[in-house]
Every structure is written in C-alpha cells, then in structure tokens.
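Chain residues, written in single-letter form:
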There are 2 protein chains.
Amino acid sequence: MTEPNGAAAIGVAVLGLGNVGSEVVRILREHAQELESRVGAPLVLRGIAVRSTEGDRGVPAELLTTDADSLVARDDVDIVVEVIGGIEVPRKQILSALNAGKSVVTANKALLADYTGELAEAAEKAGADLYFEAAVAGAIPVIRPLTQSLAGDRVTKVAGIVNGTTNFILSAMDETGADYADTLAEAGRLGYAEADPTADVEGFDAAAKAAILASIAFHTRVTAADVYREGISKITSADLDAAKALGCTIKLLSMCERVTNGDGEERISARVYPALVPRDHPLATVNGAFNAVVVEAENAGRLMFYGQGAGGAPTASAVMGDLVMAARNKVHGGRGPRESKYADLKIAPIGEIPTRYYVNMQVADRAGVLSAVAAEFAKHDVSISTVRQEGSGDGAGLIVVTHWASDADLSETVAALAKLEFVTAITSVLRLEGSSE
Amino acid sequence: MTEPNGAAAIGVAVLGLGNVGSEVVRILREHAQELESRVGAPLVLRGIAVRSTEGDRGVPAELLTTDADSLVARDDVDIVVEVIGGIEVPRKQILSALNAGKSVVTANKALLADYTGELAEAAEKAGADLYFEAAVAGAIPVIRPLTQSLAGDRVTKVAGIVNGTTNFILSAMDETGADYADTLAEAGRLGYAEADPTADVEGFDAAAKAAILASIAFHTRVTAADVYREGISKITSADLDAAKALGCTIKLLSMCERVTNGDGEERISARVYPALVPRDHPLATVNGAFNAVVVEAENAGRLMFYGQGAGGAPTASAVMGDLVMAARNKVHGGRGPRESKYADLKIAPIGEIPTRYYVNMQVADRAGVLSAVAAEFAKHDVSISTVRQEGSGDGAGLIVVTHWASDADLSETVAALAKLEFVTAITSVLRLEGSSE
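Thresholds, definitions, all that
Residues numbered from 1 in each chain as written. Chains lettered and ligands numbered in written order. Predicted model: local features only at pLDDT ≥ 70, side-chain atom pairs only at ≥ 80, totals over all residues. Heavy atoms only, no water. 1 Å grid on protein atoms, 1.4 Å probe; cavity = no way out; pocket = protein on both sides within 12 Å on 5 of 7 lines; lining within 4 Å. Points joined across faces, edges and corners; volume = space filled by probe spheres on them. Helix = DSSP H or I, 4+ residues; strand = E, 2+ residues; numbered from the N terminus. Nonpolar A, V, L, I, M, F, W, Y, C, P; charged D, E, K, R; others polar. Domains from an automatic or database assignment. Pairing = 2+ DSSP bridges. Contact = heavy atoms within 4.5 Å. Buried area = accessible area lost by both parts, 1.4 Å probe. Salt bridge = Lys/Arg side-chain N within 4 Å of Asp/Glu carboxyl O. Polar contact = N/O pair within 3.5 Å; in protein donor to acceptor, adjacent residues only side chain to side chain. Buried < 20%, exposed > 50% of the residue type's maximum accessible area, 1.4 Å probe, protein only. Least-squares fit on C-alpha atoms with pLDDT ≥ 70 in both. Core = buried A, V, L, I, M, F, W, Y, C linked by side-chain atoms within 4.5 Å. Axes fitted to C-alpha atoms, helices over the stretch in contact; angles between N-to-C directions. Parallel < 35°, antiparallel > 145°, perpendicular 65-115°, else oblique. Left-handed = near helix turned anticlockwise from the far one by under 90°.

**Things to note about empty space enclosed by the protein**
Residues and elements named next belong to chain B. The final tally for this structure, using the stated rule, is two cavities of 30 Å³ or more. Considering the residues around the largest cavity, the lining is formed by 27 residues, among which F132, T147, P337, R338 and E339 are closest to the centre. Looking at the lining of the largest cavity, the elements that each hand over two or more residues are α5 (109-126), β6 (130-131), α6 (143-149) and α10 (204-218). Along the lines of polarity and charge, the residues of the lining of the largest cavity split into nine nonpolar, seven polar and 11 charged. The residues that make up the lining of the largest cavity include at least three from each of domain 1 (10-138 + 313-332) and domain 2 (143-308). Taken as a whole, the second largest cavity spans an internal volume of roughly 40 Å³. For the lining of the second largest cavity, the element with the highest residue contribution is helix α2 (residues 32-39), accounting for three residues. Across the lining of the second largest cavity, the residue classes break down as two nonpolar, three polar and four charged.

Structural data, given as structure tokens:
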C-alpha cells in the first residue's frame, strides 16, 4: 500500500458505524488533509467493523467487515476506535488491541465504569494509550481537564448533569407541567429516549459516568457498583410544582465528592439522584439535552464546563480529539496520561452523606399535626429549614425542607413519620443540592 | 543531594514570587507527597528567583536568589516556571531554559502574544515542553481543550471574557449605574485594578489573550499586533442605560473567528472591544472578576468554560497542572502538544468584519430628523433594526441598532451622520454581539 510522502501513515480501525461511528468516519474522510497536518502523518482508515455489511452504509463497501477481531489484529492498524457499545464484546476487542500495543479510543462509559482498571493495566503493560474523553459529557472536555489541567490541584467536588435523556425529560416537565409518563413518551418520539429507556431514566448511565469522574478526580478506582443510584421515574409534576414554589427546579445530578468522617479519614462519595437545585445555581439553567459539569478544586475554585453531551457529531468531536492525540504520540513518541489510582480512597456509605432534604407528605388537617411532625424531625436530629402547608381537609399537603442532615437520620425520620397515624402518605423525598446555606 | 527513593527527582525553578509565584511555591511545599504520586517522581523546588531577598518572604531564605540566570542554568533544574511578567527579561530566561532542554511553564500572556513562535521553535529544537495554560483565563482550562480536546474538530469561533478588571468594572457599572471613572477608582481600592490600569482598560491584556487563543484555535501564528483593539475607557453610564433598555449589558469581548471573504478564501478575525450582549446570552451572566470562554466548533457545537480568570491560587492551579504534565513527560518520556501553525491563515482587516451596531447620537428635535438619519444609513447599505428616540428639544437622543453590516460601511455611515447639521453629537458607537438574529 502506498502512503502519502512523509511520515508513515497511522492506521485506524473503527469498531461500530452507528451515530458516533459514522460521524468519526465522515470526519476522517472529509478532513484527511487537515488531520494529517495536525498529527504529522496521515491518518488512514483501514476498516470499519459492523454487524452486517448489507445495504449502503454511506462508506466504500471495501472498508466494511463483520470480522472485528481480524480488523483489530491487522498489522497496519495502529489505533482502534471503539464506538460499538455493550460490554463483553468491546472489552475483548479493546484488550486484544492494547495487548498488541495498539492505542485505543473509546466512548464506552458502561465498559469503563466496570473495567477501567483492567484496560488501564493492559495499556500500561503494552505502553499503549487508552483515551476516553467521549465517555462522559459528549463534546465537553471533562476527562482531560480533570486528568491534566487539574493535575496539580486537589479536586473536592464534581457535580454534573451528564445524561441528556433525563435532563430533556426534567426540563420539559418543568416547562410544560406535564407528567413523567407523557414526557418520556414525547422524548421517545423526538429521539431523546431509547425504546428501552431504563439505562437513562433509572440513572445507570449517569452512575457509570459518575464512577469514571470519581476515579479520575480522586485518583482512586471507583466502579459503577460503588455509586449510589436513584432514577427519575418516580418524579411527579407535583414535585416540580413544589420545587418551583421553593425557587428550585429538579435535575438528575451525578455527584462525586471528597468527604471526611469523624476520624478525619478522607473518603469518596459518588452518587446519582434527582435533586432540587436553586434556580440561580449554574446547573439549574442547563436545559434540554445539554450537559454541564461543575468542578470544585482547592486552588482553582469553581469551574464549569457546558455543551452538547450527546449526539453523533459532538461525541465524534471528542473521539477525534483523542484520536489525534493518540496518533501524535505514535508519530512523536510519548504517551497520554496513565491511570492514577494512588490515593485508593474508600467509598463512604450513602447513610453518612449529609445533604438537605425536601419531604412532601399528605396529612390529616387537624390541630397539632405540624407540631407532631416537627417533633419527629427533632427526635432524629434533623433540623427543619422551612415548612409549607397546602390545601386542607384530609388531602392537606405538608412540604418540609430540612437543613443539612445525614441520609441515615433522614431515612429514620421518614420511616417514623410514615407510622404516624395522621400522616396519610409520604409523597416524595428528594435531596436539595447547590443551596448556599 | 539525596533524593527520596524511587525515580530521580525533577528539579523545579520558580522565577517570581508575586501573587502567583508564592501560591505555586506553597502548593509545591504543602503537597509534595501527592504531587510525587501523580508525577511518578518527587518535584523538588531548587530555587526561587526574586528581585530582592530582603525581609521574610514566607519561604526558606536559602531558596531565594536574585540571580535568575544562574538558577535557570543549574544542572539540577529540569523545569522552569516563569511567573515574573514583563517581556525582555523572561524572554531571555525562557529561551536559555529551552535551549538547555529544560521544559518551561509560563503564565506570561504579553510575552506569548509576541514571541510564541520564537519560544516554540526553541522548544521544538531542544525537544522540550512549553506549556502556558495559565496565560489565558487563569484556572479555566482553555488552552488544553483547544489544542487537545478539539484537535480533531474545526473551531469556527472563540468569544471570551478574559480580563477580570474590565469585567469587574463593567459589571459594577451595570449594577450600580455609577460612571466609569468612579468605578475604576473603586476597582483600584478593592485590588481589582492596578495603579496604572492601561493594559487592562485599554484592552491590551485581552488582545494578548486573543492572539494566543486565535493562534491555537486556527493553527496560525497570530500576534498582538494582528488583533483589532478598543478599550472600555469611553464607556459611559448612559451606554449601560441604553444597553439595558435594549435588553443587553456591555462586556469587553475577545473574539477570534474564521471568516470567509468574497473569493471563498478563509481568513481569521481577532478583535477586542466592548460590545452589547443580550442578557440571555451565556456571556452576559459572567460577572465580577470571573472569566468565561465560549468556543464554537463544527462538530462539538457550542462549548462554554467558566471560572476564576485571575488571582494567585486559581492561576497557580493552572501553572501546577502544566508543571505536573511537563514533569510526567520528563519521567515517562514524551512531549506535550507542539505549536501547530500549518494553516497559516491571513488576518482579515476589521473593515471587512460584519457585526451589528448600536449608534447613540444627539439630534435636534425637529421634523424630518429620523427620516434623514434613516436615509443616511440606507445610503451606505446599513440596514436598521430598531430606532429609539429619547427626550426632546436640543438634547434629544436617538439610538439606532443596525442589522449586520461591515465595519467599513458603518464607519462611513457614522462619518456622514456626524456631518449632518441637525446631528449635535455621535455619543457612542458600539457593536452588538451574540444576538440570535
């Protein structure tokens, strides 16, 4: 095969030709000259692994193959781009690429959330690069700022809106007042929710991203199983109304935080849940399918990164940035940042994490109810910030917002409240994040 | 000298012990263990170059030296951190460091805006790193996202608020209604403006940063002299009132843009000026000494980066990130991104750049004035979007907002308006950026 003059070509294999893969292939083909100037050698697409080569896929048929393993193993493939999704299949393909000294660029958050350690060790052993900027927040640079720009600082907190589907649904519910089921259906019609939306609406996707963010922010291996997780499927239009009345909106947050226990031991909290966020907080204004990540560090202070967190072209932008960096390393020598796990911090159980809470309950409308409810909070050391009473009669609503309390204390309070004879129902319990108090 | 066990120490020289330098030294000393874990070898501070070693500088006296040249030349110095400021002195020091194969981390935007080419060539020749994340927007990662994360994308526009002093002044004028002189004096009292504020208020600092941003975004050498520049010293409280009435605020913007001329030739525009920005634009909400940079790229879409753009600790955070990266390269081999200037695009003259304009003039209050003014705009092909008339009598004000027009056409219009007998004064001409129209 003849190559353009100059440096030897860098061969690229792309695994997957979906939304992201087809954009990666388009950019590689449309901007070959510009990419060559940036890398210092031509990037040559050797092949694309697909499930089926039937039909017109918009790329030269000779590039397509259903035999991903052979494509990855080709001598003239130097970098493998994995945008297939799934876990076991890409895991094996990435491992064989890394073991053969090939660099890997992947957007696969579910895989990384469970297997970053294994993949990073294979990369380390072979002296290859493992890049995954596209795995969190699409086009928004987050991985690189955390691993490189903040490499000399101490990150204390990462709070992000990193799932476009749930943010689209919550934004729409906030705007239209519609209920969850209708809004989810609408999101599906508009292409913002998958046929089976479980991974998004139950917070699995956001939890995988939280695991990745916590790992790199705190130099510790964190997997999806370490992340406390609640989804948005129980959020009602009544919750959004109540949030509004409190000057808040509701967002699904991925939170990663350094926490210190009573013994002064530093630990990590990683958690995903829908939370009330004050409308004047930067994350409250992130609407629709947009993503944003707020990072707090000891010296940098608070930083915010905002942009398109999903979609073919934005995600491909992040993949291409990684691909150019991996290719430059092949041409000029050197490697990207390695896994950093020296801190090896423990995960703090959710029960110990203090936050503020919003508790919405139905109570009988009679004298003494408020005082009995307040007494129950006090008994469990949970201090009340505001109480709002709505309606009257049997359907009276009581909305309590607490000061900071531990999750365990709050859970006991709620269990005790539920047993009170005049409490008809605990309608919802949500956390309140980002308040200045 | 004995070093901790393990990899050989990386020796660091810090030039300057001002706001930023003293924070860098503090972090190096307080977090030595953590930094060693991240680098893979200890970072050892060999010395600090200062103008005078008199008095207690808060660091061990034996680290201080007034002989920067000898410090830079020491065999046990591997990386030089330049946070002195100025141009000729640090230029020589950085060049001798690079020529000796030492890596350099600098926060010196004024130097980089004029000499990045020379410094990058020295780095390239010696195989050393030249990092400068701290030179633009303090703690906010901007250089790394542009040079690495977006390395596979095509940036079309960078628009930033990158000068804290002017943003503090304009935010305060917007909030309090005070005039420019009083607000500048207040900024000085609060430490947000220097004794001689020229570099900030006349836009020189923002222009240096625009040159750096345009260079890396468009793979072309751009120097401060290529940047069109207007400062904020002529902005009046009347301008801010008028902006408010139009639903806008006023911000000093650093704009870098790809523009295409009539022949389809791609060129660069780099410019700094105060502009009206609609209040619902993300940059309008960036207040006080905060910085923000909006980047638009073909595939990534619009990204925004927000945080503290100045101050000792935030700027030191960016310096430390670069220092850890440069040290990792020393330990593990490899180099950071090199200068990329292959595109070599021409600079488009300001006259050809289309924007929208706000023109505030005093006119005699008599019949036919509005039609005569409108005719003058039409004669020069400048289409009017809105006109507002204020007051009456000799002091009547006329505020015109135009549709998109070239700077040259607008300048001719304004010159012609000034000659009209019933136009008493052209009070101000400002651009309007970030409108969706």
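Now, onward.
**Examining the sheet that holds strand β2 (residues 43-49) of chain A**
Residue and element names in this part refer to chain A. The strand order across the open sheet built from six strands is β3-β2-β1-β4-β5-β6, with neighbouring strands paired in parallel fashion. Only two strands of the sheet have a single neighbouring strand rather than two, namely β3 (64-65) and β6 (130-131). As defined by bridge partners, strand β1 (residues 10-15) adjoins strand β4 (residues 79-82) across four bridges and the pair is classed as parallel. Note on β4: the bridge partner recorded for L15 is E82.

**Here's the deal with the interface of chain B and chain A**
The interface of chain B with chain A comprises 49 residues on the first partner and 49 residues on the second. Carbon and sulfur atoms supply 51% of the area that chain B and chain A bury against each other, a total of about 4000 Å² over both sides. The three residues of chain B that bury the most area against chain A are R38(B), N299(B) and Y342(B), which together make up 16% of that side's buried surface. Taking the shortest distance from any N to any O, the salt bridge between R154(A) and E34(B) comes out at 2.7 Å. Taken together, the connections running from chain B to chain A amount to 22 residue pairs in polar contact (both at pLDDT 80 or more). Put simply, the parts of the chain that give the side of chain B that touches chain A at least two residues each are α1 (19-30), α2, α6, β12 (301-308) and α12 (312-332) of chain B.

**Section: the pairing of strand β7 (residues 155-161) of chain A**
Residues and elements named next belong to chain A. Of all the seven residues making up β7, six are buried; the element is thus mostly covered by neighbouring parts of the structure. Sheet topology note: the β7/strand β11 (residues 290-297) ladder contains six bridges and is antiparallel. Counted as the bridge partner of V158 is V295 from β11. Alignment of β7 against strand β9 (residues 248-260), held across four bridges, turns out to be antiparallel. The partner of A159 across the bridge, within β9, is M255.

**Examining the domain arrangement of chain A**
Residues and elements named next belong to chain A. Taken domain by domain, chain A comprises domain 1 (10-138 + 313-332), domain 2 (143-309) and domain 3 (350-432). Each of domain 1 and domain 2 has a C-alpha centre, and the two are 28 Å apart. Taken together, the contact between domain 1 and domain 2 spans 18 residues of the former and 19 residues of the latter. Counting the surface lost from both domain 1 and domain 2, the interface buries some 1400 Å², and carbon and sulfur atoms represent 63% of this. Among the residues of domain 1 in contact with domain 2, A113, E133 and V136 are the three that bury the most area, contributing 36% of the side total. The closest approach of N and O atoms between K109 and D205, which form a salt bridge, is 3.5 Å. Taken together, domain 1 and domain 2 are joined by seven residue pairs in polar contact (both at pLDDT 80 or more). For the side of domain 1 that touches domain 2, the secondary-structure elements that each account for two or more residues are α5 (109-126) and α12 (312-332). Broken down by element, the side of domain 1 that touches domain 2 gets its largest block of residues, seven residues, from α5. Taken together, the residues of the side of domain 1 that touches domain 2 break down into 10 nonpolar, three polar and five charged.

**Quick notes on the relation of the copies chain B and chain A**
With an RMSD of 0.0 Å, the fit of chain B onto chain A corresponds to turning through 180° and sliding 0.0 Å along the axis. This pairing of chains is accounted for by a two-fold axis. The C-alpha atom lying nearest the rotation axis in chain B is that of G334(B); the distance is 1.6 Å.

**A short note on the nonpolar core**
With 162 residues, the main nonpolar core has L146(A), V158(A), I169(A), L146(B), V158(B) and I169(B) as its most contacted residues. The residues contacting V158(A), other than those within four sequence positions of it, are L146(A), L213(A), A217(A), S254(A), M255(A), C256(A), V293(A), V294(A) and V295(A).

**A look at the packing of α5(B) against α10(B)**
Packed helices, taken two at a time, are described by the angle between their axes plus the distance between the axes. Residue and element names in this part refer to chain B. Close contact between α5 and α10 brings their axes to 8 Å; oriented N to C, the two are set at 45°. Our classification of the angle between α5 and α10 gives oblique. As α5 packs across α10, the resulting crossing turns out to be left-handed. Only D205, A208, K209, A211 and I212 of α10 make contact with α5, whose side of the interface consists of K109, A110, L112 and A113. Residues belonging to the contact of α5 with α10 are distributed by class as follows: six nonpolar, no polar and three charged.

**Observations concerning the pairing of strand β16 (residues 396-402) of chain B**
Residues and elements named next belong to chain B. When you tally the buried positions in β16, you get seven out of seven residues, the bulk of the element. Burial of the side chains of β16 extends over both faces: A396, L398, V400 and T402 are buried on one face and G397, I399 and V401 on the other. As judged from the six bridges shared by strand β14 (residues 354-363) and β16, these two strands associate in the antiparallel manner. Paired with Q362 across the strands is G397, a residue of β16. Here strand β15 (residues 384-390) runs beside β16; their pairing, made up of six bridges, is antiparallel. Looking across to β16, one finds that R388 is bridged to I399.

**Things to note about the layout of surface pockets**
Rolled over the atoms, a probe as big as a water molecule pinpoints where empty space is left. Residues and elements named next belong to chain B. Approximately 1400 Å³ is the volume attributed to the largest pocket. Lining of the largest pocket is provided by 49 residues; of these, K109, E194, D200, D205 and A310 occupy positions nearest its centre. Of all elements in the fold, only α1, α5, α7 (164-176), α9 (198-201), α10, β11 (290-297) and α12 reach the threshold of two or more residues within the lining of the largest pocket. If one sorts the elements of the lining of the largest pocket by residue count, α10 sits on top with five residues. Counted by class, the lining of the largest pocket contains 23 nonpolar, 17 polar and nine charged residues. Taken together, domain 1 (10-138 + 313-332) and domain 2 (143-308) each give at least three residues to the lining of the largest pocket, which thus spans both. One number sums up the size of the second largest pocket: a volume of about 1200 Å³.

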